[in-house]
Amino acid sequence: MRTWVRRGGLSTLVFLLPLLVIFGVFSWLPIVRAAVMSVQQTNLVTAPKFVGLENFQSVLADPLFWTAVRNTGVFALIALVFGYPIPLVVAVLMGEVRRFRGLLSAIAYLPVVVPPVVAVLMWKFFYDARPDGVFNTILGWVGLGPYRWLQSATTAMPSLVLEATWAAAGGTVIIYLAALIGVPAELYDAADVDGASIWQKIWHVTLPQLRGVLLVTLILQIIGTSQVFLEPFLFTGGGPANSTLTVLLLIYNYAFGSSLGGDYGAATALSLMLAVFLAALSAVYFWLTRSWSTS
Amino acid sequence: MSTPTSIRPVVPAGPQPVAVEPAPRQPARWSVRRARRRADDQPPRGIVSDAERRTPSVRVALQLIHATLLALLLVIGLGPILWLVKASISTTQDTLRSPMALFPSGVDWANLATAWTRVHIDLHFANSMIIASGSWLVQLIVATTGGYALSILRPRYGPVLYWLVLSTLFVPAVVLLVPLYLTVLDPPLLGVSLINTFWAVWLPAGANAFNVLLTKRFFDNLPREIFDAARIDGAGPYRIFWSVLLPMSRPILGVVSVFAFIAAWKDFLWPLLVLPNPDVQPLSVRLPTLARSTELDVLLAALMISALIPMVLFLVFQRTFLRSAGLSGALKG
């Protein structure tokens, strides 16, 4: 014990204290608690009761569960269609700009800095369904619309995705730009010597070199979109007719949506199911970035 | 007499590699600073070669593409923000009837003052500041002390602990929502609920494995001779932490600070759950409630004020922001 103190064991522990306390109470303990709660009935009044897999069964039997899973999948899919190719094209074009590149990337990144709540409330006004709404006015100039945007079950989800893409695309552009700078100039020199055209250089040099980053952003985007909450919560509250109810919104509704007291068991059970899916994706992400930085 | 602080000039002049992710593939003989400037502003070359740039057709096409790109970025990226600035000083009537017109009935500066005082944006603004600063401080303390212990002091149980910290990266925040809420409602050993106190936001913010990962990797890359020399000169672990390690860690502290402050400013769901009392709510939580009860012009003014601070921070610390974003961003999962 004495030698342990003299070798600095005690001061090491002092330095680790903040980490141990904070992670212990606010990370490790809740993780364990989540696993325990998913097989319990918890209502904060009576002592928790073991119920086995009942919480999972009740979630799976809830018709809203499948609605939420489908909606989240649709959100993720449309987000991929909008949000995956556009930043890549913008970044590749931006990579060829010689002047004002800093200015361009700053403008592209600016929407990312706008607080999400502000962006959503602002866009909610843009989506005003009256002919005098912002988007309907603009589309009216070219003879389109007026559209009902958030008020129709068919256009509500794409409207949510559009805002989410606006808010996030700049971050992806910056990631791609950083990766483009890492493409070795010799590869382009070699392609020039071989007489490759600009398109051939993009197709045979740039894109293969970006393969790793493209995969990482794909996974990051799926991880992000499967946890979408803010947009449906603030734009539509899950409506109209549950057409924008997402998994995270359902978890929120289970636990905090009812004034009668939450169904914490169902909420944690559903969280765990989502977590297993996301953890698998994060594991792939982590493994990929790791093999990158060591290579 | 040689004190630990006199060692500092030994530190390489250029900034330490912020580098977490892929190491820059630049020739080593350049100084880091020069390499970075060159990488940011003027890459060695891109897809289009100099010879191709000289052909007229390519040159015209490139210029056309650049003009279109700039125009699109301005309209799509900057447009909505500029519209918000315009609407925040327009009358409700103007904004509702002709949202795209420029001040048909004059500029209404009073919106900003009304939003600031009557709707108490000042209070929520202060709350946002307090929450963001506190979260920032807690994250910085946990990340630097933890990173120091794990990277430099290296206790025998270090690897296990580091693995435990990293493993929380794989646990998405969603899972913690309910159990963390119940923990804050009734924290162990404390006996007092943290609901409606800023601690409920500050403390959980510290449990951020990504910060620990960033700082530990950065500390791992610092030359160990400096710490050995300081130790030989008689500096204890506390002195080394304060006078040697922290001054050398400015780049990584900048990155962590930017992440921490912005994340706290943006956060919505967690403060919504643990701060039900409007008097302690930050802007992000308060604004949706205001949206239902406030006149439109005042609401838009409030939105503009809320967006201002992060945008100003971004414009001032652009370099740090964009470099952090290039590090493939915060791991959200």
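The structure presented is a predicted model; accordingly, all values stated were derived computationally and were not measured. (Residues numbered from 1 in each chain as written. Chains lettered and ligands numbered in written order. Predicted model: local features only at pLDDT ≥ 70, side-chain atom pairs only at ≥ 80, totals over all residues.)

All right, on to the overall build of chain B then. Per the secondary structure count, chain B includes 17 helices and zero strands. Here chain B holds 333 residues, and the buried ones make up 40% of them. A sequence separation of at least 24 residues applies to 72% of the contacts in chain B between residues at least 6 apart. (Helix = DSSP H or I, 4+ residues; strand = E, 2+ residues; numbered from the N terminus. Buried ≥ 20, exposed ≤ 12 C-beta atoms within 10 Å, placed from the backbone. Contact = placed C-beta atoms within 7 Å.)

We now examine the overall build of chain A. When helices and strands are counted, chain A shows 15 helices and two strands. The C-alpha atoms of chain A give a radius of gyration of 24 Å, which is well past the 19 Å a tight globule of 295 residues would have. Each principal axis of the C-alpha atoms in chain A carries an extent, and together these give about 75 × 70 × 30 Å. Burial status across chain A gives 43% buried among its 295 residues. Restricting to contacts in chain A with at least 6 residues of sequence separation, those with at least 24 account for 65%. (Rg over C-alpha atoms; globule rule 2.2 N^0.38 Å.)

All names here are of chain B. Topologically, threonine 320 is positioned in helix α17 (residues 318-326). It is 30 Å that separates the C-alpha atoms of threonine 320 and proline 237, two residues lying 83 residues apart in sequence. Those residues within four positions of threonine 320 in sequence are excluded, and the remaining contacts are Gly254, Val255 and Val258.

This next bit is on the nonpolar core. Tyr109, Val118, Ile251 and Leu270 of chain A together with Ala302 and Leu303 of chain B are the most contacted members of the largest nonpolar core, which totals 162 residues. Sorting elements by how many residues they give to this core places helix α9 (residues 156-181) of chain A first, with 17 residues. Contacts of valine 118 of chain A, omitting those with residues within four sequence positions, involve Leu287, Leu303, Ser306 and Ala307 of chain B. (Core = buried A, V, L, I, M, F, W, Y, C linked by C-beta atoms within 7 Å.)

Opposite the 90 residues of chain A that make contact, chain B presents 87 residues. Here the side of chain A that touches chain B gets 19 residues from one element, more than from any other, and that element is helix α2 (residues 9-37) of chain A. Here the side of chain A that touches chain B is built from residues that sort into 63 nonpolar, 20 polar and seven charged. (Nonpolar A, V, L, I, M, F, W, Y, C, P; charged D, E, K, R; others polar.)

Turning our attention to the packing of helix α5 (residues 110-117) of chain B against helix α16 (residues 296-316) of chain B. Residue and element names in this part refer to chain B. Where α5 contacts α16, the axes come no closer than 8 Å and their chain directions differ by 75°. Classified by the angle between their axes, α5 and α16 sit roughly perpendicular to one another. Residues Asn111, Leu112, Thr114, Ala115 and Trp116 of α5 lie in contact with α16, whose contacting residues are Asp297, Val298, Ala301, Ala302 and Ile305. Classifying every residue of the contact of α5 with α16 by side-chain character gives seven nonpolar, two polar and one charged. (Axes fitted to C-alpha atoms, helices over the stretch in contact; angles between N-to-C directions. Parallel < 35°, antiparallel > 145°, perpendicular 65-115°, else oblique.)

Quick look at helix α6 (residues 101-113) of chain A now. Residues and elements named next belong to chain A. Relative to the 18 Å expected for 13 residues at 1.5 Å per residue, α6 spans 19 Å between its end C-alpha atoms, a close match to the ideal helical length. Helix geometry: α6 is bent most strongly at isoleucine 107, by close to 25°, with proline proline 111 lying one to four residues after it. Of the residues making up α6, those classed as buried are Leu104, Ser105, Ala106, Ala108, Tyr109, Leu110, Pro111, Val112 and Val113. (Expected span 1.5 Å × (residues − 1). Bend = angle between axes of the 7 residues up to and from the residue.)

Here we take up helix α6 (residues 121-153) of chain B. Given 3.6 residues per turn, any residue in an α-helix points the same way as the ones three and four places further on. Taking 1.5 Å of rise per residue, 33 residues should cover 48 Å, and α6 of chain B covers 46 Å from first to last C-alpha, within 8% of that figure. Within two residues after α6 of chain B, arginine 154 of chain B carries a phi angle of roughly 45°, on the positive side.

Interpretation of the predicted coordinates at a detailed level should be avoided for regions scoring low in pLDDT. Here chain A averages 85 in pLDDT, while 96% of its residues score no lower than 70. Mean pLDDT across the secondary structure elements of chain A bottoms out at helix α1 (residues 2-6) of chain A, with 71, and peaks at helix α7 (residues 116-126) of chain A, with 92. (pLDDT = per-residue confidence, 0-100.)

Residue and element names in this part refer to chain B. Of note in the backbone geometry, leucine 189 takes a positive phi value of approximately 70° without being a glycine. For leucine 189, the position within the fold is in the loop between α8 (173-185) and α9 (199-206). Look at leucine 189 and you get exposed, because 5 C-beta atoms sit within 10 Å. If you check the backbone angles, asparagine 196 has positive phi at about 70° while not being a glycine. When the 14 C-beta atoms within 10 Å are taken as the criterion, asparagine 196 is described as partly exposed.

All names here are of chain B. When pLDDT is averaged along chain B, the result is 81, and 84% of the positions lie at 70 or above. No element of chain B has a lower mean pLDDT than helix α1 (residues 32-41), which averages 46, and none a higher one than α9, which averages 94. Scoring the predicted complex yields pTM 0.82 and, for the interface, ipTM 0.85.

Moving on, we come to the environment of valine 201 of chain B. In this fold, valine 201 of chain B is placed in helix α9. Residues within four places of valine 201 of chain B in sequence aside, it is in contact with Ile131, Ser135, Trp270, Pro271 and Val274 of chain B.

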